[in-house]
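# Breakdown of the fold
The primary structure of each chain is shown beneath.
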Amino acid sequence: MEKIVPDIKLIATDMDGTLLNTKGELGPTFFTVFSQLKNQGILFAAASGRQFFNLQKRFDLIKDEMIFIAENGSYVVYKETELLVQDLPADTVKELIQIARTIPNTFPIICGKKRAYIETSDPELVNRLRLYFERFEIVNDLLDVKDDQFLKVTVCDLSGSEKNSYPYFQHLSDALQVKVSGPIWLDMSHKLADKGRALNVVQAHFGVTFDQTMVFGDYLNDLEMMQQAHHSYAMANAHPDVKKVAQFTAKSNDENGVLEVISEFLDQTADLTA
């Protein structure tokens, strides 16, 4: 029986724990694979909780050729054009900061469109922040931050976000997105801001269907994105809840699972045209 090759037009992947290995590195074949996707007219999107400027720097060589879904879907950019800005009201941001200040062993962060803001120079936070944020500012009081659009509030929780800080914000889940996005990261954003809705905006903009979309993810902030594509892959290292909703499984991020799946798909399409 002839194998049916899916008609993929858009591939979106999470970064940490998914496309990047545990050292934060892209696989050695990434740019070759990207070039092949581009030659076939297949769009590629990085969908991450990371800051837009951080993602842009990571993909500097191809930043004008790909889509950026940043800040867990609050901010979507393609070729310097904003496709989505889903910001939080200033009053909501203040409420979230006040709650975060009551939680032991945590650091609140305001993620603005211009830059991120913290109110401590604690080296442990600053060193972690540099991994995900290219632009940030240390201020005296987060409650005084103005003149920016607030995409989300993040809590860096050194005691573990799922068990330590999430319970403090869980009651807000009906009004906001409250996402455990990593072992020590908790993100609060607009109710309409998630990777799934952001991907839907991208699909509508480019005329791509559910069946023409392939996605990869590993953590709870990827759940909605998993449900926005038929070809959804949970990494072998993914959170159990992500594996439950994904259609397929890819090898772990340290085994280059994303690139392996994409390469296999590209080989199948090459066989059809050979």
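As the structure is a prediction and not an experimental result, all values here were calculated from the model.

Criteria and thresholds
- Residues numbered from 1 in each chain as written.
- Predicted model: local features only at pLDDT ≥ 70, side-chain atom pairs only at ≥ 80, totals over all residues.
- Heavy atoms only, no water.
- Helix = DSSP H or I, 4+ residues; strand = E, 2+ residues; numbered from the N terminus.
- Rg over C-alpha atoms; globule rule 2.2 N^0.38 Å.
- Buried < 20%, exposed > 50% of the residue type's maximum accessible area, 1.4 Å probe, protein only.
- Contact = heavy atoms within 4.5 Å.
- Areas by Shrake-Rupley, 256 points an atom, 1.4 Å probe, with all protein chains shown as cover.
- Pairing = 2+ DSSP bridges.
- Axes fitted to C-alpha atoms, helices over the stretch in contact; angles between N-to-C directions.
- Phe/Tyr/Trp six-rings, centres within 6.5 Å; stacked < 30°, edge-to-face > 60°.
- Lys NZ or Arg CZ within 6 Å of the ring centre and 35° of its normal.
- Salt bridge = Lys/Arg side-chain N within 4 Å of Asp/Glu carboxyl O.
- Lys, Arg positive; Asp, Glu negative; His and termini not counted.
- Polar contact = N/O pair within 3.5 Å; in protein donor to acceptor, adjacent residues only side chain to side chain.

## Side note on the overall build of the protein
- For the protein, the count of helices and strands is nine helices and 14 strands.
- On C-alpha atoms alone, the protein measures out to a radius of gyration of 18 Å, which is about the 19 Å that the 2.2 N^0.38 rule sets for 274 residues.
- Counting only C-alpha atoms, the protein reaches 65 × 35 × 35 Å along its principal axes.
- Residues counted as buried form 55% of the 274 residues belonging to the protein.
- Of the contacts formed within the protein by residues at least 6 apart in sequence, a portion of 59% connects residues at least 24 apart.
- If you sum the accessible surface of the protein, you get close to 12,400 Å²; carbon and sulfur atoms cover 47% of it.

## Remarks on the sheet that holds strand S6 (residues 106-112)
- Across the sheet, which stays open at both edges, the six strands sit in the order S8-S7-S6-S9-S11-S10 with mixed pairing between neighbours. Each edge of the open sheet carries a strand with a single partner, namely strand S8 (136-138) and strand S10 (176-182). Averaged over all neighbouring strand pairs, the angle between strand axes comes to 25°, with direction disregarded.
- By the bridge criterion, four bridges tie strand S9 (residues 150-157) to strand S11 (residues 185-190) in an arrangement that is antiparallel. Residue valine 153 lies in a different strand from S11, and its bridge partner there is methionine 188.

## Regarding the packing of aromatic side chains
- Applying the stated criterion across every chain yields a total of 13 aromatic pairs.
- Aromatic rings pair up to connect Phe30, Phe31, Phe34, Phe44, Phe52, Phe53, Phe59, Phe68 and Tyr75 into one cluster.
- Positioned above the aromatic ring of phenylalanine 53 is the side chain of arginine 135, whose terminal nitrogen or guanidinium carbon lies 3.7 Å from the ring centre.

## Some details on the pattern of salt bridges
- Per the counting criterion, the structure on display carries 18 salt bridges.
- Note that arginine 101 is salt-bridged to aspartate 141, the shortest N-O span being 2.8 Å. Note that arginine 101 is positioned in the loop between helix H3 (90-100) and S6 and aspartate 141 in the loop between S8 and S9, a separation of 40 residues in sequence.
- Overall, aspartate 141 belongs to the partly exposed group, its relative accessible area being 25%.
- Taking the shortest distance from any N to any O, the salt bridge between arginine 128 and glutamate 124 comes out at 3.7 Å. Here arginine 128 and its partner glutamate 124 are both found in helix H4 (residues 123-132), four residues apart, which amounts to about one turn of the helix.

## Regarding the side chain of aspartate 194
- Residue position: aspartate 194 is located in the loop between S11 and helix H6 (195-206).
- As a buried residue without a salt bridge, aspartate 194 has its nearest oppositely charged side chain in lysine 179, at a separation of 6.6 Å.
- One polar contact links the side chain of aspartate 194 to the main-chain amide nitrogen of glycine 196, over a distance of 2.8 Å.
- Each residue touching aspartate 194, except ones within four places of it in the same chain, is listed here: Asn72, Gly73, Gln177 and Glu224.

## Focus on the sheet that holds strand S2 (residues 43-47)
- Spatially, S5-S4-S3-S2-S1-S12-S13-S14 is the arrangement adopted by the eight strands of the open sheet, whose pairing is mixed. Single-partner strands in this sheet number two, and they are strand S5 (81-85) and strand S14 (248-250). Neighbour-to-neighbour, the strand axes of this sheet turn through a mean angle of 20°, independent of strand direction.
- Most of the contacts of H6 go to S5, to which it runs at about 135°, and overall it touches strand S1 (10-13), S2, strand S3 (67-70), strand S4 (75-78), S5 and strand S12 (213-217).

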